[in-house]
Structure formats: structure tokens, C-alpha cells
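The chain contents come next:
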Amino acid sequence: PDATRLEAAKLDHDDAKAIVGEQWYNHDKAHATSDPAVRHALTQALDLAQLQEVITSDRGGPATQLAVVAPAGCTGSSVEGNVAANDVAAAESALDAAGYTKGADGMRAKAGKPLSLSFIYDSSLGSGGSAAAELAVDAWKKIGVAAKAYQPGGGIGGEHVQQRIPGGRVFGPG
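Since the structure is predicted, the reported quantities are computational estimates derived from the model, not experimental observations. (Residues numbered from 1 in each chain as written. Predicted model: local features only at pLDDT ≥ 70, side-chain atom pairs only at ≥ 80, totals over all residues. Heavy atoms only, no water.)

### With respect to the overall build of the protein chain
How we decide: Secondary structure elements follow DSSP: runs of H or I no shorter than four residues count as helices, runs of E no shorter than two count as strands, and numbering proceeds from the N terminus. The buried label applies to any residue whose accessible area, calculated with a 1.4 Å probe on protein chains only, is under 20% of its type's maximum; exposed applies above 50%, and partly exposed to all values in between. Per-residue accessibility takes into account occlusion by the displayed protein chains alone, with areas from the Shrake-Rupley method and a 1.4 Å probe.
Counting its regular elements, the protein chain contains 6 helices and 7 strands. Mapped in sequence order, the helices and strands of the protein chain form the string α-β-α-α-α-β-β-β-β-α-β-α-β. Within the span of the protein chain, comprising 174 residues, buried residues form 32% of the whole. Roughly 10,200 Å² of accessible area belongs to the protein chain as shown, and the carbon and sulfur atoms make up 53% of that amount.

In C-alpha cells form, the structure reads like this:
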């Protein structure tokens, strides 16, 4: 929204590429996201194209590489073919196979332990970041994951964030 307003004012500007919407899963053994099958399923449950539109206010494009600031060391697409496609049914099957089955309440658990996670996202992303975080959490809830979004002040990397926020952690979209 701000970019459109500034463009309408015909102000001088420079365009720059940036990676927005990265997502990291906590691999610590204490969290369900330590299991590659769970991480893959959580990614499959997301409509990444929709998230990209929302987080960039429909002004960005899909990532093709991990480094985009010139001079980028690698060119071409290192992303294509390496990211799980959106497939909710496959995500649900993968979670079932990993032992996270749905209970009568529709929520998943393994050996009595709920599949829950905290989605921590950066407050500097503005309304697009908040909306994208809500979409991701909603997608995970639809497949039976107890997910909650957190937008801590002071950044997402501090140890205090790790101690205050419960559940398996997913960092993004940052």
C-alpha cells in the first residue's frame, strides 16, 4: 500500500530485490518439527503462492534463489523443484504416517502429545506479514495442528523469545 502511494506521488525511487517470507522450522529434538516428515507436511499444507501475494501486497514474485542482493554469487533457480507443492491431502497423510493422528476434536497428537507449534514472525513486515502469518496458522489448523502466531517486539532472534513462547517453533515470514 505504501509503495503504491509513493509511486502515485511520482517520487524518485530505486527498485531492489529482497527475500521476504522465509520460513525456518526448529530442528531441536524437543519439538515435532525436528521430524523432516512433519516439516515437509507443514510446508505442503501451505499455499506458498497465496502467502507470497499477501506478504508482498501482491508486489513481489516467487523466490528463485537464496541470495538476491547484487552481486549475487549464484544465478538461476535453486528453488524450483526443491519446495514442496501445496497438497493438503498429502500433508494430512504424511502426518498420519508420522504418527500424528486426528482425535475426536480434529486435532493431531502422537502418543497423547498434541502437535502444536508457535509461528513467530517479525513485526517489521507490517500488515502483509501479519496477514500471511494468519493464513499460515489457519492452514495448519485446518489439518489438525494446534498453531498460534506470535509477533514479539524487539525481533525474533532473542533467547527471551525462545523461553517465553510455547510449543514447536516456526520462524517466518521474515
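### Quick notes on the side chain of Thr43
Using the following cut-off: Side-chain atoms alone can form a polar contact between residues adjacent in sequence; in general such a contact is a pair of N or O atoms within 3.5 Å, and within protein one must be able to donate a hydrogen while the other accepts it. Contacts between residues were defined by any pair of non-hydrogen atoms, one from each residue, lying within 4.5 Å.
Among the secondary structure elements, Thr43 is positioned in helix H2 (residues 36-44). For Thr43, a relative accessible area of 15% gives the class buried. Side chain to side chain, Thr43 and Tyr25 meet in a polar contact 2.9 Å long. A distance of 3.0 Å separates a polar atom in the side chain of Thr43 from the backbone oxygen of Arg39. Each residue touching Thr43, except ones within four places of it in the same chain, is listed here: Tyr25, Leu48 and Ala84.

### Some thoughts on the sheet that holds strand S4 (residues 113-114)
To be explicit about the condition: In this description, strands pair whenever DSSP reports at least two bridges between them.
Reading across from one edge, S2-S3-S4 is the order of the 3 strands in this open sheet, with antiparallel pairing throughout. Pairing within the sheet leaves two strands with one partner each, and these edge strands are strand S2 (101-102) and S4. Summarising the sheet, S2 and strand S3 (residues 108-110) pair through 2 bridges and their orientation is antiparallel. The residue bridging Thr101 from the neighbouring strand is Ala109, located in S3.

### A short note on the packing of H2 against helix H4 (residues 88-97)
Where we set the bar: Between N-to-C directions, angles cover 0 to 180 degrees, with each direction set by a line fitted to C-alpha atoms, over the stretch in contact for helices. By the definition adopted for this analysis, an angle is roughly parallel if under 35 degrees, roughly antiparallel if over 145, roughly perpendicular if from 65 to 115, and oblique otherwise. Two helices that cross are described as forming a left-handed crossing if the nearer one is turned anticlockwise from the farther one by less than a right angle, and a right-handed crossing if clockwise. By the convention adopted, Pro, Cys, Tyr, Trp, Phe, Met, Ile, Leu, Val and Ala count as nonpolar, Lys, Arg, Asp and Glu as charged, and the other residues, Gly among them, as polar.
The geometry of H2 relative to H4 is characterised by a closest axis approach of 8 Å and an angle of 160 degrees between their N-to-C directions. Comparing the axis directions of H2 and H4 gives the class roughly antiparallel. Our pair here, H2 against H4, has a crossing hand that is left-handed. Across the interface between the two elements, Ala37, Val38, Ala41 and Gln44 from H2 touch Val88, Ala90, Ala91, Ala94 and Leu95 from H4. Along the lines of polarity and charge, the residues of the contact of H2 with H4 split into 8 nonpolar, 1 polar and no charged.

### Some remarks on the packing of aromatic side chains
Going by this rule: Two rings belonging to Phe, Tyr or Trp (six-membered ring only in the last case) form a pair when the distance between their centres is within 6.5 Å. Interplanar angles under 30 degrees mark stacking, angles over 60 mark edge-to-face geometry, and anything in between is tilted.
Per the stated rule, a full pass over the model turns up 2 aromatic pairs. Their ring planes at 25 degrees and their centres at 6.4 Å tell us that Phe119 and Tyr121 sit as a pair that is stacked. The pair formed by Phe119 and Tyr121 is uniform in burial state, with each residue classed as buried. Taking the centre distance of 5.5 Å and the plane angle of 80 degrees together, the rings of Phe119 and Trp140 count as edge-to-face. In this pair, Phe119 sits in strand S5 (residues 116-120) while Trp140 sits in helix H5 (residues 126-142), placing the two residues 21 residues apart along the sequence. Chaining the aromatic ring pairs together yields one cluster made of Phe119, Tyr121 and Trp140.

### Quick word on unusual backbone geometry
Of note, the phi angle at Lys10 is positive, near 55 degrees, even though the residue is not glycine. Along the chain, Lys10 falls in the loop between helix H1 (2-8) and strand S1 (24-25). In this structure, Asp58 takes a positive phi of about 60 degrees despite not being glycine. One can find Asp58 in the loop between helix H3 (48-55) and H4.

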